[in-house]
Amino acid sequence: DALLAYFNHLNLEIYQAWDIFRLLDMDGSGSISCAEFVEGCLKLRGPAKKVDVAEIAYEVEKVQKKLGDFMVFVQHCFTALS
């Protein structure tokens, strides 16, 4: 009940707990400290703003472009090898 109350206080949904944990576990160790948890939750509280969503969409597009360029490069390398 205490965790649910804490999430409610921060305007976070309890069903987001696993997603939040994965965001906070930056090193992929499978664990986070209490301080990391509290600081991370404070950063994530409240509703996303349109500018936040737009920024993420922009970053995703950049990553997709780089990945596409890399895939073309790899394909050229494989073609050159054969």
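In short, a report on the structure. Each residue is numbered by its place in its chain's sequence as written, counting from 1. Only residues with pLDDT of at least 70 are given local features in this predicted model, and only at 80 or more are side-chain atom pairs given and counted; all residues enter the totals for whole chains, interfaces and linings. For the side-chain quantities, the full set of heavy atoms in the structure was used; hydrogens and water were omitted.

**With respect to the overall build of the chain**
Part 1 of the argument: Of the regular secondary structure elements, the chain holds four helices and zero strands.
Part 2 of the argument: Only C-alpha atoms enter the radius of gyration; for comparison, a globular chain is expected to reach 2.2 Å times N to the power 0.38, where N is the number of residues. In terms of C-alpha radius of gyration, the chain reaches 19 Å, well past the compact-globule figure of 12 Å for 82 residues.
Part 3 of the argument: Along the first, second and third principal axes, the C-alpha atoms of the chain reach 60 × 30 × 20 Å.
Part 4 of the argument: When accessible area is computed with a 1.4 Å probe and restricted to protein chains, residues below 20% of their type maximum are described as buried, those above 50% as exposed, and intermediate ones as partly exposed. Taken across its 82 residues, the chain has 11% of its residues classed as buried. Strands are runs of DSSP state E lasting at least two residues, helices are runs of H or I lasting at least four, and both sets are numbered from the N terminus onward.

**Re the packing of aromatic side chains**
Part 1 of the argument: A pair of aromatic rings is counted whenever rings of Phe, Tyr or Trp (Trp by its six-membered ring) have centres within 6.5 Å, and the orientation is called stacked for planes under 30 degrees apart, edge-to-face for over 60 and tilted otherwise. Tallied over the entire structure, the rule returns three aromatic pairs.
Part 2 of the argument: Aromatic rings pair up to connect Tyr6, Phe7 and Phe37 into one cluster.

**Structural notes on the environment of serine 33**
Part 1 of the argument: Structurally, serine 33 can be placed in the loop between helix H2 (17-24) and helix H3 (34-44).
Part 2 of the argument: C-alpha of serine 33 to C-alpha of phenylalanine 7: the two residues are 26 residues apart in sequence and 17 Å apart in space.

**Remarks on the pattern of salt bridges**
Part 1 of the argument: Take a side-chain nitrogen of Lys or Arg and a carboxyl oxygen of Asp or Glu: if they are within 4 Å of each other, that pair is a salt bridge. If you walk through the whole model with that rule in mind, you get two salt bridges.
Part 2 of the argument: The shortest N-O distance in the salt bridge between glutamate 59 and lysine 62 comes to 3.6 Å. With glutamate 59 and lysine 62 both in helix H4 (residues 50-81), this residue pair falls three residues apart, about one helical turn.
Part 3 of the argument: Looking at lysine 62, the relative accessible area reads 33%, which means it is partly exposed.
Part 4 of the argument: Put simply, aspartate 69 and lysine 65 hold a salt bridge, and the shortest N to O gap is 3.0 Å. Of the two residues, aspartate 69 and lysine 65 both sit in helix H4, four residues apart, roughly one turn of that helix.
Part 5 of the argument: We classify aspartate 69 as partly exposed; its relative accessible area is 42%.

So yeah, pure geometry; function would need other evidence.
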